[in-house]
Amino acid sequence: MQAFLNNFANVDTFVSVLPLLLSGLLVTVSLALVALPLSLLSGLLVALLFAVKNRVLTAVLFVLIDLCRSIPVLVLLMIIFYALPFLGLMMPPFVAVVLTLVINNTGYFGEIFRAGLASVPKHQQEAGLALGISRPRVLLFIVVPQAIRNVAAPLASNALELAKATSIASLVTMPELLRVAQVAQANVYNPTPLVAAAALYFIVLWPFSRLVARYELKTIKARY
Amino acid sequence: MPAGAVEEIPMITIEKMNKFYSDFHALKDIDLAVEEGQRIVLCGPSGSGKSTLIRCLNGLETFESGTVTVVGIKMTRSSQAVRKARQQVGMVFQSFNLFPHLSVLNNLLIAPRLTGARNMAETREYAMHLLERVRIADQAGKYPSELSGGQQQRVAIARALCMRPKVMLFDEPTSALDPEMIKEVLDVMIDLGRDGMTMIAVTHEMGFAKTIADKVVFMDAGRIVETAAPDVFFSNPQTERAQRFLHTILH
Ligand SMILES: Nc1ncnc2c1ncn2[C@@H]1O[C@H](COP(=O)(O)OP(=O)(O)OP(=O)(O)O)[C@@H](O)[C@H]1O
Ligand SMILES: [Mg+2]
């Protein structure tokens with residue numbers, strides 16, 4: 001037991017690597033904070049484009065979404081960061097990671113929003129239109145809010161997936177949480193930094209998932 | 001039209017209107033004129049085209065031939081014109097269709113807000129006045145799901161009125177309600193009619209028709225078959241189809 005603790009939860013190691021880990025956490029959080037809103041936005045845009053119901057547009061969207069979703073996120077990052085420069089397209093690691101996450105998540109968020117939009121009864125649109133509100137505004141202020149509320153749970157769980165996927169940044173040597181933990185581990189010769197990193201992921205993401213659960217409970221009452 | 005009416009301003013004019021759902025001829029040669037302040041009750045068997053007809057009046061449905069003019073606006077495929085007309089024509093649905101994500105007060109305010117009401121403070125005051133009028137002001141902060149059906153329908157009426165429409169359309173406003181809530185909604189509608197609102201109501205509530213309607217329009221199989229004053233229509237229907245229809249709703 002003592003040996004286990006010495007290896008996996010060594011207090012001295014923990015204290016010495018904590019500042020490094022926190023700096024890594026900061027990078028992770030900023031990646032998520034930039035990539036998440038952008039992914040949500042592009043996902044919503046895709047879902048709204050589906051709602052246009054143009055056959056060509058729909059076909060193009062399906063191909064793009066399937067393509068983005070079937071490429072493993074790591075492969076996508078490798079292509080964007082290491083292959084695109086050969087085409088003269090170079091970007092800093094932060095941008096490459098954000099772009100990868102957005103491309104990868106647009107399909108997922110798009111599908112979730114699409115289900116959300118479909119879950120709002122047609123009557124709601126008609127009621128808005130009958131009041132003389134323009135179609136785009138009906139969509140934006142009447143349909144979309146209800147759609148989001150109806151799919152809050154899958155949106156939140158996909159947001160958590162995105163937050164965790166920021167760890168791919170370690171592959172392009174960005175000093176985010178996983179990367180700094182790996183570096184620290186190599187220095188101290190025990191896995192404590194990795195365990196500490198896992199704990200930090202948990203500490204940051206857990207309240208978020210609790211919050212979502214509470215929000216769900218509150219809005220579940222406001223049904224049709 | 002009532003005798004002694006000083007000036008008759010047509011609010012709605014329908015001429016030779018035909019509507020198809022692909023091959024199905026849903027409305028056939030509809031002619032109807034509604035003057036300002038008139039209260040029309042539209043009735044007829046299920047599938048006769050009542051909903052389709054009133055939905056054509058605010059552009060929720062399009063039609064293939066004929067003309068429909070609503071508060072001076074010709075209903076065309078121009079979304080601009082249709083929107084202008086809709087802002088002056090309130091509609092109340094069988095299933096209320098309140099916006100569940102908005103409070104009662106915001107259900108009333110959203111349309112004025114999104115259609116560019118200039119003075120929101122004044123609009124807010126007007127909304128509260130309307131809620132007062134439909135006797136539900138104490139629920140202004142609640143959400144639709146917290147209200148009974150009758151209360152929701154009264155909010156839906158107030159929501160439509162908040163756009164200050166010149167005409168109100170009702171599509172079976174009480175048929176989704178429990179019997180004990182029907183009266184509270186009809187009372188609001190009667191009050192509205194007495195106040196001079198031009199209205200077309202699809203309803204089988206005979207009491208309502210007798211109290212307030214200037215005329216009853218009876219439809220069958222996509223056609224207007226009979227038009228008469230309510231007492232005449234209910235006691236002495238002229239066509240055989242109307243007689244059969246009245247027989248079924250009375251028994
Ligand atoms: N979207 C549609 N597509 C095809 N047919 C339709 C559509 N809407 C209505 N119809 C048909 O048009 C006819 C008239 O329908 P409508 O809803 O206007 O009848 P209604 O008089 O309001 O009946 P109810 O009393 O049942 O409400 C019906 O035969 C119906 O099946
Ligand atoms: Mg109907």
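Every chain begins its residue count from 1, and numbering advances along the sequence as written. Here the convention is simple: chains get letters from A, ligands get numbers from 1, in the order in which they are written. Restriction of local features to residues with pLDDT of at least 70 applies here, the model being predicted, together with a cutoff of 80 or more for giving and counting side-chain atom pairs; totals for whole chains, interfaces and linings are based on all residues. Processing note: side-chain calculations cover all non-hydrogen atoms of the structure and skip hydrogens and water entirely.

Chemist: Can you explain the overall build of chain A? Please cite residues and give values.
Modeler: Strands here mean DSSP runs of E at least two residues long; helices mean DSSP runs of H or I at least four residues long; both are numbered from the N terminus. In terms of helices and strands, chain A carries 10 helices and 0 strands. In chain A, the order of α-helices and β-strands from amino to carboxyl end is α-α-α-α-α-α-α-α-α-α. Taken along the three principal axes of its C-alpha coordinates, chain A extends 70 × 50 × 25 Å. Categorising residues by exposure relies on relative accessible area from a 1.4 Å probe, with only protein chains included: less than 20% of the type maximum marks a residue as buried, more than 50% marks it as exposed, and the intermediate range marks it as partly exposed. Taken over 224 residues, chain A has a buried fraction of 42%. Residue contacts are counted whenever heavy atoms from the two residues lie within 4.5 Å of one another. In chain A, the share of contacts with a sequence separation of at least 24, taken over all contacts with a separation of at least 6, comes to 75%. The protein chains shown are the only cover counted for residues, whose accessible areas, like all others here, come from Shrake-Rupley with a 1.4 Å probe. Accessible surface for chain A amounts to roughly 12,100 Å². Of this, 73% is attributable to carbon and sulfur atoms.

Chemist: Tell me what's going on with the UniProt feature "transmembrane region" (unreviewed entry) in chain A, and back it up with residues and numbers.
Modeler: Residues annotated in UniProt with the feature "transmembrane region" (unreviewed entry) correspond here to residues 20–52 and 194–213 of chain A. Counted over residues 194–213 of chain A, helix gives 100% and strand 0%. Its end C-alpha atoms are 28 Å apart. UniProt positions are given in the numbering used here, feature names are shortened, and annotations may be inferred rather than shown by experiment.

Chemist: Pulling in residues and values, what's your account of the side chain of Ser-42 of chain A?
Modeler: All names here are of chain A. For Ser-42, the location among the structural elements is in helix α2 (residues 11–51). Reaching out from Ser-42, the side chain makes a polar contact with the side chain of Thr-106 at a distance of 2.6 Å. Contacts of Ser-42, omitting those with residues within four sequence positions, involve Val-102 and Thr-106. What qualifies as a polar contact is a pair of N or O atoms within 3.5 Å, subject to a donor-acceptor requirement within protein and to the restriction that residues adjacent in sequence count only when both atoms come from side chains.

Chemist: Pulling in residues and values, what's your account of the packing of helix α5 (residues 93–119) of chain A against helix α7 (residues 135–150) of chain A?
Modeler: Residues and elements named next belong to chain A. In this analysis, axes come from line fits to C-alpha atoms, helices being fitted only over the stretch in contact, and the angle between any two N-to-C directions falls in the range 0 to 180 degrees. α7 packs onto α5 with a crossing angle of 115° between their chain directions and a minimal axis gap of 8 Å. Here α5 and α7 pass one another in a crossing that is right-handed. Residue-level contacts link Phe-113, Gly-116, Leu-117 and Ser-119 of α5 to Val-143, Val-144, Ala-147, Ile-148 and Asn-150 of α7. When residues are sorted by character, Ala, Val, Leu, Ile, Met, Phe, Trp, Tyr, Cys and Pro go into the nonpolar class, Asp, Glu, Lys and Arg into the charged class, and all the rest, Gly among them, into the polar class. Residues of the contact of α5 with α7, tallied by class, amount to 6 nonpolar, 3 polar and no charged. With the far helix as reference, a near helix turned anticlockwise by less than a right angle produces a left-handed crossing, and one turned clockwise produces a right-handed crossing.

Chemist: Run through the pairing of strand β3 (residues 39–43) of chain B, naming residues and quoting values.
Modeler: Residues and elements named next belong to chain B. For β3, a buried count of 5 out of 5 residues is recorded, marking the element as mostly surrounded by other parts of the structure. Alternating positions in β3 separate into two faces, Arg-39, Val-41 and Cys-43 on one and Ile-40 and Leu-42 on the other, with burial throughout. Any two strands with at least two DSSP-identified bridges between them are counted as paired. Direction of pairing for β3 relative to strand β8 (residues 198–202): parallel, over a ladder of 4 bridges. Among the inter-strand pairings, Val-41 is bridged to a residue of β8, identified as Ala-201.

Chemist: Tell me about the domain arrangement of chain B, and name the residues and values.
Modeler: All names here are of chain B. When the domains of chain B are assigned, the result is domain 1 (2–88 + 171–250) and domain 2 (100–164). Here the buried area means the combined drop in accessible surface, using a 1.4 Å probe, for two parts upon being joined, counting both sides. Between domain 1 and domain 2, a total of about 1,100 Å² is buried, with carbon and sulfur atoms accounting for 63% of that surface. In terms of surface lost to domain 2, no three residues of domain 1 exceed Gln-87, Glu-184 and Val-188, which account for 42% of the buried area on that side. The rule for a salt bridge is simple: a side-chain nitrogen of Lys or Arg has to be within 4 Å of a carboxyl oxygen of Asp or Glu. The interface formed by domain 1 and domain 2 contains 3 salt bridges. Ionic pairing is found between Arg-133 and Asp-191, a salt bridge with its closest N-O pair at 3.2 Å. Viewed at the interface, domain 2 and domain 1 are joined by 5 residue pairs in polar contact (both at pLDDT 80 or more). Among the residues making up the side of domain 1 that touches domain 2, the classes are represented as 8 nonpolar, 1 polar and 4 charged. Residue ranges for the domains trace back to a domain assignment, done automatically or taken from a database.

Chemist: Residues and numbers for the interface of chain B and chain A, please.
Modeler: Chain B puts 23 residues into the contact, and the matching count from chain A is 21 residues. On the chain B side of the interface with chain A, the three residues burying the most area are Pro-100, His-101 and Leu-114 of chain B, jointly 32% of the side's total. Taken together, the links from chain B to chain A amount to 1 salt bridge. The shortest N-O distance in the salt bridge between Arg-55 of chain B and Glu-126 of chain A comes to 2.7 Å. Where chain B meets chain A, there are 6 residue pairs in polar contact (both at pLDDT 80 or more). Residue assignment for the side of chain B that touches chain A shows that the elements contributing at least two residues are α2 (79–86), β6 (89–92), α3 (104–114) and α5 (149–161) of chain B. The element best represented in the side of chain B that touches chain A is α3 of chain B, accounting for 3 residues. In terms of residue class, the side of chain B that touches chain A is made up of 12 nonpolar, 7 polar and 4 charged.

Chemist: Tell me about α5 of chain B, residues and numbers included.
Modeler: The end-to-end C-alpha separation of α5 of chain B is 18 Å, in line with the 18 Å expected for 13 residues at 1.5 Å each. Burial analysis of α5 of chain B places 13 of its 13 residues in the buried class, which makes it a mostly covered element. What a helix is expected to span follows from its residue count: subtract one and scale by 1.5 Å.

Chemist: Which residues make up the environment of Thr-198 of chain B, and what values do they have?
Modeler: Residues and elements named next belong to chain B. Inspection of the secondary structure puts Thr-198 in strand β8. Sequence separation between Thr-198 and Glu-35 is 163 residues; the distance between their C-alpha atoms is 7.5 Å. Leaving out residues up to four positions away in the same chain, Thr-198 has contacts with Met-11, Val-34, Glu-35, Glu-36, Gly-37, Gln-38, Lys-166, Val-167 and Met-168. At 2.7 Å, the side chain of Thr-198 and the backbone nitrogen of Gly-37 are in polar contact.

Chemist: So what's going on with the site of ligand 1? Residues and values would help.
Modeler: All names here are of chain B. Near ligand 1, the surroundings consist of Tyr-21, Phe-24, Pro-45, Ser-46, Gly-47, Ser-48, Gly-49, Lys-50, Ser-51, Thr-52 and Glu-172. Glu-172 is positioned with one of its side-chain polar atoms (N or O) 3.2 Å from an oxygen atom of ligand 1. In the complex, the protein chains occlude 58% of the 640 Å² of accessible area that ligand 1 would expose alone. With 3 residues, helix α1 (residues 50–57) is the largest single contributor of residues to the shell around ligand 1. The residue makeup of the shell around ligand 1, split by class, is 3 nonpolar, 6 polar and 2 charged. Whether a residue is near a molecule or strand depends on its heavy atoms: if one lies within 4 Å, it is near.

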